[in-house]
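Residue strings, one per chain:
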Amino acid sequence: MTVTLEVAEGVGTLRLDRPPMNALDIATQDRLKELAEEATRRDDVRAVVIYGGERVFAAGADIKEMQDMDHAAMVQRSRALQDAFTAVARIPKPVVAAVTGYALGGGCELALCADYRIAADNAKLGQPEILLGLIPGAGGTQRLPRLVGPSKAKDLIFTGRQVKADEALAIGLVDRVVPAAEVYEQAHAWAARLAQGPAIALRAAKESVDTGLEADIDTGLAVERNWFAGLFATEDRERGMRSFVEEGPGKAKFL
């Protein structure tokens, strides 16, 4: 399998495994969508890590495969390509990308689908599609500017240049830079901590933020208001408030 889902301690690891560079061919894209949807459904998965292994996250699409595709073929395929990445972005649970080595093209776009990105100090990220006479097609022109702003996104997309971990951190493309040997461990720790949290409230928080970024503020506030009120019907809210009153803040244990 080119992508696997392993679950431990409430954390599901979506592991890319297509040596040597985890090129995202059609089979890998389809498998990624399948497993993202499985992670969404499974109650024992409460947070997700996306990981490509110790050497490389994902070096992008399979160029040899795409070279044989004409316009008609890509018209048929492009929606499925985006749908695979959207399935990851819409996992209603905390998702962290553990980025080692190269995260280029589709690999960078996959990292953009996470809620948080932890990068190795040797990581390199970029959207080099312009060097092929193309533009990003798996969400890069949409998710990248939402994350780093339009000017920085256009710089990366127009030039196709790669950025090292320190610059990626400075522009907000990644959220933390750690030694390469610690990337997965720290990503898993981030996910495991959130896996112990109130699952419905975390889902509400993620949906409220994501919806608000794509809508006007009144719509975003309406989503927030509805979720906020709705959470008063949950056992987690009762448990959290009772613990706060009886034991003080930060001591609640959620199911």
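Here's what I pulled together on the structure shown here. (Residues numbered from 1 in each chain as written. Predicted model: local features only at pLDDT ≥ 70, side-chain atom pairs only at ≥ 80, totals over all residues. Heavy atoms only, no water.)

1. Looking at the packing of helix H1 (residues 26-41) against helix H3 (residues 71-89)
Then step 1. Close contact between H1 and H3 brings their axes to 8 Å; oriented N to C, the two are set at 40°. Here H1 is positioned oblique relative to H3, judged by the angle of their axes. You can see that H1 and H3 cross each other, and the crossing is left-handed. Contacts between H1 and H3 pair Ile 26, Gln 29, Asp 30, Leu 32, Lys 33, Ala 36 and Glu 37 from the former with Arg 77, Leu 81, Asp 83, Ala 84, Ala 87 and Val 88 from the latter.
Then step 2. When the residues that make up the contact of H1 with H3 are grouped by side-chain class, the tally is 7 nonpolar, 1 polar and 5 charged. (Axes fitted to C-alpha atoms, helices over the stretch in contact; angles between N-to-C directions. Helix = DSSP H or I, 4+ residues; strand = E, 2+ residues; numbered from the N terminus. Parallel < 35°, antiparallel > 145°, perpendicular 65-115°, else oblique. Left-handed = near helix turned anticlockwise from the far one by under 90°. Contact = heavy atoms within 4.5 Å. Nonpolar A, V, L, I, M, F, W, Y, C, P; charged D, E, K, R; others polar.)

2. Let's talk about the sheet that holds strand E4 (residues 95-99)
Then step 1. The strand order across the open sheet built from 6 strands is E1-E2-E3-E4-E6-E9, with neighbouring strands paired in mixed fashion. A strand with exactly one partner marks an edge of an open sheet, and here the two such strands are strand E1 (3-8) and strand E9 (176-178). Averaged over all adjacent pairs, the angle separating strand axes in this sheet is 20°, with direction ignored.
Then step 2. The pairing of E4 with strand E6 (residues 116-120) spans 4 bridges and is parallel. The residue of E6 that forms the bridge with Val 99 is Ala 119. (Pairing = 2+ DSSP bridges.)

3. Topic: the sheet that holds strand E8 (residues 162-164)
Then step 1. Taken together, 3 strands build an open sheet; the order of strands is E5-E7-E8 and the sheet is mixed. At either end of the open sheet lies a strand with only one pairing partner, and these are strand E5 (102-104) and E8. If you compare each strand with its neighbour and ignore which way they point, the axes differ by 20° on average.
Then step 2. Strand direction decides the pairing type here: strand E7 (residues 124-126) and E8, joined by 3 bridges, are antiparallel. Paired with Lys 124 across the bridge in E8 is Lys 164.

4. Considerations on the environment of Val 174
Then step 1. Relative to the assigned elements, Val 174 resides in the loop between helix H7 (165-171) and E9.
Then step 2. The spatial distance from the C-alpha of Val 174 to the C-alpha of Ala 39 is 23 Å, given a sequence separation of 135 residues.
Then step 3. Filtering out sequence-adjacent residues up to four positions away, Val 174 remains in contact with Arg 117, Ala 119, Leu 125, Ala 165, Ala 168 and Leu 169.

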